[in-house]
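# A look at the structure
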Amino acid sequence: MTAKTTARGWDQAVVRCGRCGAELTATTEADYLKAVGVHNDAHAVWDRLNPIERDGITSILRIILSAPDLAAELLALADRPPTGGEDR
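Keep in mind that this is a model prediction, so the values were computed, not measured.

Calculation notes
- All residue numbers refer to position in the chain's written sequence, counted from 1.
- A pLDDT threshold of at least 70 governs which residues receive local features in this predicted model, and a stricter bar of 80 or more applies before side-chain atom pairs are shown or counted, although totals over entire chains, interfaces and linings include all residues.
- The basis for the side-chain values is all heavy atoms of the structure; hydrogens and waters are excluded.
- Runs of E in the DSSP output that reach at least two residues are strands. Runs of H or I that reach at least four are helices, and both are numbered from the N terminus.
- Using a 1.4 Å probe, the Shrake-Rupley method yields the accessible areas, and only the shown protein chains count as cover for residues.
- Whether two strands pair comes down to DSSP finding at least two bridges between them.
- The rule for a salt bridge is simple: a side-chain nitrogen of Lys or Arg has to be within 4 Å of a carboxyl oxygen of Asp or Glu.
- Under the scheme applied here, a residue whose accessible area is under 20% of the maximum for its type counts as buried, over 50% as exposed, and between as partly exposed, the area being computed with a 1.4 Å probe on protein chains only.
- With axes taken as lines fitted to C-alpha atoms, and helix axes fitted only over the stretch in contact, angles between N-to-C directions fall between 0 and 180 degrees.
- Orientation labels follow simple angle bins: below 35 degrees gives roughly parallel, above 145 gives roughly antiparallel, 65 to 115 gives roughly perpendicular, and whatever is left gives oblique.
- Two residues form a contact once any of their heavy atoms are found within 4.5 Å.
- Nonpolar residues are Ala, Val, Leu, Ile, Met, Phe, Trp, Tyr, Cys and Pro. Charged residues are Asp, Glu, Lys and Arg, and all others, Gly as well, are polar.

## So, the overall build of the chain
Regarding its fold elements, the chain presents three helices and two strands. Accessible surface, the chain as shown: approximately 7,900 Å² in total, 57% of it carbon and sulfur.

Set out below in structure tokens:
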């Protein structure tokens, strides 16, 4: 006779941020830890920005996140050494 083995653990975790009310959902413990960590890091960065910087970064992220190819090209430009002549 063989025993049927079932997986132990959880199938989904949901946490609500006490600071902003965002609801994070994860299906694995690793995803949960990553989501909570990234969310906490976002709060830490946001808290360091003044209102003008917040508006600027929000505008930039809206453009870049809507166009991943643009983001890749901007990073490639940033990584190229200056060639003289024109400013980057």
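## What about the pairing of strand β1 (residues 13-16)?
Bridge analysis of β1 against strand β2 (residues 23-26) gives four bridges, and the strand direction is antiparallel. Within β2, the residue paired with R16 across the bridge is E23. Here β1 folds back onto β2 in antiparallel fashion, the turn holding six residues, of which G21 has a positive phi close to 85°.

## Comments concerning the pattern of salt bridges
One pass over the structure, following the stated rule, counts two salt bridges. Among the salt bridges present, the one from R16 reaches E23, with a minimum N-O distance of 2.8 Å. By relative accessible area, R16 is classed as exposed at 56%. Across the pair D47 and R19 runs a salt bridge whose closest N-O atoms are separated by 2.7 Å. Residue D47 is found in helix α1 (residues 29-48), and its partner R19 is found in the loop between β1 and β2; the two are separated by 28 residues along the sequence.

## Observations concerning the packing of helix α2 (residues 51-65) against helix α3 (residues 68-79)
In the contact formed by α2 and α3, the axes pass within 6 Å of each other and the chain directions differ by 110°. Overall, the two elements α2 and α3 adopt an arrangement that is roughly perpendicular. Only P68, L70, A71 and L74 of α3 make contact with α2, whose side of the interface consists of I63, I64 and L65. Considered class by class, the residues forming the contact of α2 with α3 number seven nonpolar, no polar and no charged.

## Observations regarding the packing of α1 against α2
Viewed as axis vectors pointing N to C, α1 and α2 meet at an angle of 130°, and their least axial separation amounts to 8 Å. Regarding the angle of α1 to α2, the classification is oblique. Here W46, D47 and R48 of α1 come into contact with α2, specifically with E53, R54, I57 and T58. Taken together, the residues that form the contact of α1 with α2 break down as two nonpolar, one polar and four charged.

## Brief notes about the side chain of H43
Position of H43 among the secondary structure elements: in helix α1. Residues in contact with H43, not counting those within four places in the same chain, are C17, R19 and C20.

## Looking at the side chain of H39
Assignment of secondary structure puts H39 in helix α1. Look at H39 and you get buried, because its relative accessible area is 17%. Setting aside residues up to four positions removed in sequence, H39 forms contacts with C17, C20, A22 and L24.

Scope: geometric values only; no functional claims are made or implied.
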